[in-house]
Amino acid sequence: MNAFWCILLLIGSNICMTFAWYGHLKLQEMNISNGWPLILVILFSWGIAFFEYCLQVPANRIGSSINGGPFNLMQLKVIQEVISLTVFTVIVTLCFKGEALHWNHLAAFICLILAVFFVFLK
């Protein structure tokens, strides 16, 4: 059950992270934040990143074998990276104009799946 909660929290964390890092660009694309000074854009992103950390820190604690979870640190990091890139790809493909999925992106995902396979090998 710890693995399930860890992965669910990491998905939520990475949704927040993607919007913290790239949401201001969507707001700019929608002509909402065009006049915002850079400091306001940074504070906006930090506000979203707060919620990312509220999900990411418990996910790592629940998932880490240090705290009785099922994953060692290498496994936890690789899982997080795969989730991060998957969430990023879905959000960017759905929310941003002109961003499409290409064959090389799929090839990269295959490499990520292989990375997960190799990190879990005993």
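Below: a short report on this structure. Quick caveat, the model's predicted, so the values are computed rather than measured.

**Comments concerning the packing of aromatic side chains**
Under the criterion given, the structure shown has seven aromatic pairs. Ring centres of phenylalanine 50 and phenylalanine 51 lie 5.2 Å apart, and the angle between their planes is 80 degrees; on these two criteria the pair is classed as edge-to-face. Members of the aromatic cluster, each reached through a chain of ring pairs, are Trp21, Tyr22 and Phe88. One Lys or Arg, lysine 26, reaches over the ring of phenylalanine 96 and ends 5.8 Å from the middle of that ring.

**Examining helix α1 (residues 2–29)**
Its 28 residues place the ends of α1 39 Å apart at the C-alpha level, agreeing with the 40 Å of an ideal helix rising 1.5 Å per residue. Considering bend angle alone, the principal kink of α1 is centred on tyrosine 22 and spans about 55 degrees. Immediately beyond the C-terminal end of α1, within one or two residues, lies asparagine 31, with a positive phi of roughly 60 degrees.

**A word on the environment of serine 84**
In this fold, serine 84 is placed in helix α3 (residues 73–95). Residue serine 84 is classed as buried on the basis of its relative accessible area of 11%. For the pair formed by serine 84 and isoleucine 11, sequence separation is 73 residues and the distance between their alpha carbons is 7.5 Å. Setting aside anything within four residues of it in sequence, one finds serine 84 in contact with Asn14 and Met17.

What counts and how
- In every chain, residue numbers begin from 1 and rise along the written sequence.
- Only residues with pLDDT of 70 or above have their local features reported here, since the model is predicted, and side-chain atom pairs are shown and tallied only from 80 upward, although totals for entire chains, interfaces and linings are computed over all residues.
- Think of the side-chain values as coming from all heavy atoms in the structure, minus any hydrogens and water.
- Ring pairs are drawn from Phe, Tyr and Trp, using the six-membered ring of Trp, whenever the two centres fall within 6.5 Å, and their geometry is named by plane angle: stacked under 30 degrees, edge-to-face over 60, tilted for the rest.
- Counted as over-ring charges are cases with an Arg CZ or a Lys NZ within 6 Å of the ring centre that also lie within 35 degrees of the ring normal.
- Where helices and strands are cited, they refer to DSSP runs of H or I of at least four residues and of E of at least two residues respectively, numbered from the N terminus.
- In this analysis, the expected span of each helix is defined as 1.5 Å times one less than the number of residues it contains.
- Take the seven residues that end at a residue and the seven that start at it, fit an axis to each, and the angle between those axes is the bend at that residue.
- Using a 1.4 Å probe on the protein chains alone, a residue whose accessible area is under 20% of its type maximum counts as buried, one over 50% counts as exposed, and one in between counts as partly exposed.
- By the convention used here, residues are in contact when the closest approach between their heavy atoms is within 4.5 Å.

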